[in-house]
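In case you want the letters, here they are:
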Amino acid sequence: MPQQDALTHRLVSTGGRRIHLVEQGSGPLVLLVHGFPESWYSWRHQLPALAAAGYRAVALDVRGYGRSSRPADPAAYRMRELVEDNVAVVRALGEASAVVVGHDWGATIAADSALLHPEVFSAVGLLSVPYAPRGGPRPGEVFAGLGGEEEFYVSYFQQRGRAEAEIEPDVRGWLAGFYAALSADTMPAPGSPDPHFVATGGTLRERFPSGPLPGWLSESDLDFYAGEFERTGLTGALNRYRNMDRDWEDLMAYHGAPVTQPALFVGGTQDASTTWLADAIAAYPDTLPGLTGCHLLEGCGHWIQQERADDVNRLLVEWLDALRG
């Protein structure tokens, strides 16, 4: 087994901006892309496992998070810009290609990176959020029609300043509740008000659990996440939601396009991202024709690589090793 290196932090330039990344190991490059509201730290269990298996594992802070650049213009967070960040990271690391793996929003960024730059991203792993090609009506119109008298959380997040006003007075408490709401061991019981929706005049937080932290989240883990967002604010992270209509326009040429590289999907059976998008998973023979593994982890919620680190590590390493032949 290769000697396990320590974590290395570095800043790389991406066209006048910077991306912070954390690297461990040597070998073929595996780029790990996090979702909302997370950071490179959400891959803390995967970095040593991939390094030990003979890979150069690199987890980045997506633009708007952590020590990466946080441009003021909301349009700077459109998907094409984030994809170009990933390409620039690969180049800055001296590599010609990489396998890209993403969770939550990171899964969408990873899939679009593979779609737009197949010459750079040789394979794609998706955690929690299935690939669904660009299509249908404008996303803002779709989300606005969900929930009846209640408001879907995506629409709530899309309004500049509104979610920030809820979250930023108590970042740590809000994050604890949000993580708990989507974790299998702490999520609200069936029949409880859905934490993905906001009641008229209400907040998301009023539907979060108020009990113990999820089993995967220690007090020190929560301190790390809270410390990052207390320093940066939430606007950069939330701006991803505020570009969905721009992305729909920008990617018009890719309407219905499949991602053809070798692919892996891992979801949790208790994750709304997986259950709501079951049709997207069923469409994989057409939309992910290179799919070589599709796994649903029983009793797992949304934070899959943290909730079920050992299972995810095993599946990732088996898939990567098969790619190498």
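*Asks:* Hey, could you go over the sheet that holds strand S1 (residues 8-14) for me, with residue numbers and the actual values?
*Replies:* The strand order across the open sheet formed by eight strands is S1-S2-S4-S3-S5-S6-S9-S10, and the pairing between neighbours is mixed. In this open sheet, the two edge strands, each paired with only one partner strand, are S1 and strand S10 (291-297). Within this sheet the neighbouring strands show an average axis-to-axis angle of 20°, counted without direction. Relative to strand S5 (residues 98-103), strand S3 (residues 29-33) runs parallel, the two being bridged by four bridges. Bridged to leucine 31 within S5 is valine 100.

*Asks:* How would you explain the nonpolar core if you had to name every residue and give the values?
*Replies:* Phe36 and Phe157 are the most contacted members of the largest nonpolar core, which totals 100 residues. Here this core gets eight residues from one element, more than from any other, and that element is helix H3 (residues 105-116). The contacts of phenylalanine 157, once residues within four sequence positions are left out, are Phe36, Ala163, Trp174, Leu204, Leu238, Tyr241 and Arg242.

*Asks:* How would you sum up the packing of aromatic side chains? Please name residues and give values.
*Replies:* All chains considered together, the criterion is met by 28 aromatic pairs. Here the aromatic rings of phenylalanine 152 and phenylalanine 197 are separated by 5.2 Å at their centres, their planes lie at 50°, and the arrangement is tilted. Placement of the pair is phenylalanine 152 in strand S7 (residues 151-152) and phenylalanine 197 in strand S8 (residues 197-198), with a sequence separation of 45 residues. We note that phenylalanine 152, like phenylalanine 197, is buried. Ring centres 5.8 Å apart and planes at 65° place the aromatic pair phenylalanine 178 and phenylalanine 208 in the edge-to-face group. One end of the pair, phenylalanine 178, is in helix H7 (residues 171-181); the other, phenylalanine 208, is in the loop between S8 and helix H8 (219-232), with 30 residues separating them in the sequence. Here phenylalanine 178 and phenylalanine 208 have matching classes, each one buried. One cation-aromatic arrangement involves arginine 134 over tryptophan 248; the distance from NZ or CZ to the ring centre is 4.3 Å.

*Asks:* Could you give an account of the packing of H7 against H8, with specific residues and numbers?
*Replies:* The contact between H7 and H8 brings their axes to 9 Å, and the two run at 125°. The orientation of H7 relative to H8 falls into the category oblique. Judged by the sense of rotation from one axis to the other, the crossing of H7 with H8 is right-handed. Contact residues: H7 offers Val171, Arg172, Leu175, Ala176 and Tyr179, while H8 offers Glu219, Leu222, Asp223, Tyr225, Ala226, Phe229 and Glu230.

*Asks:* Run through the pattern of salt bridges, naming residues and quoting values.
*Replies:* One pass over the full model with this rule turns up 19 salt bridges. The partner of arginine 242 in a salt bridge is glutamate 164, with the nearest N and O atoms 2.9 Å apart. Residue arginine 242 is located in the loop between helix H9 (235-238) and helix H10 (244-250), and its partner glutamate 164 is located in helix H6 (residues 162-167); the two are separated by 78 residues in the primary sequence. By the burial criterion, arginine 242 is buried, and glutamate 164 matches it. The salt bridge partner of arginine 308 is aspartate 311, with a shortest N-O separation of 2.8 Å. Given a relative accessible area of 24%, arginine 308 falls into the partly exposed group. Using a relative accessible area of 22% as the deciding quantity, one classes aspartate 311 as partly exposed. In the salt-bridge network here, residues are joined through shared partners; they are Arg10, Glu23, Arg56 and Glu95.

*Asks:* An account of the environment of alanine 110 is needed here, citing residue identities and associated values.
*Replies:* Looking at the element boundaries, alanine 110 is found in helix H3. Taking the relative accessible area as the measure of exposure, alanine 110 reaches 0% and is therefore buried. C-alpha of alanine 110 to C-alpha of leucine 82: the two residues are 28 residues apart in sequence and 9.5 Å apart in space.

The rules behind these values
Residues numbered from 1 in each chain as written. Predicted model: local features only at pLDDT ≥ 70, side-chain atom pairs only at ≥ 80, totals over all residues. Heavy atoms only, no water. Pairing = 2+ DSSP bridges. Helix = DSSP H or I, 4+ residues; strand = E, 2+ residues; numbered from the N terminus. Axes fitted to C-alpha atoms, helices over the stretch in contact; angles between N-to-C directions. Core = buried A, V, L, I, M, F, W, Y, C linked by side-chain atoms within 4.5 Å. Buried < 20%, exposed > 50% of the residue type's maximum accessible area, 1.4 Å probe, protein only. Contact = heavy atoms within 4.5 Å. Phe/Tyr/Trp six-rings, centres within 6.5 Å; stacked < 30°, edge-to-face > 60°. Lys NZ or Arg CZ within 6 Å of the ring centre and 35° of its normal. Parallel < 35°, antiparallel > 145°, perpendicular 65-115°, else oblique. Left-handed = near helix turned anticlockwise from the far one by under 90°. Salt bridge = Lys/Arg side-chain N within 4 Å of Asp/Glu carboxyl O.

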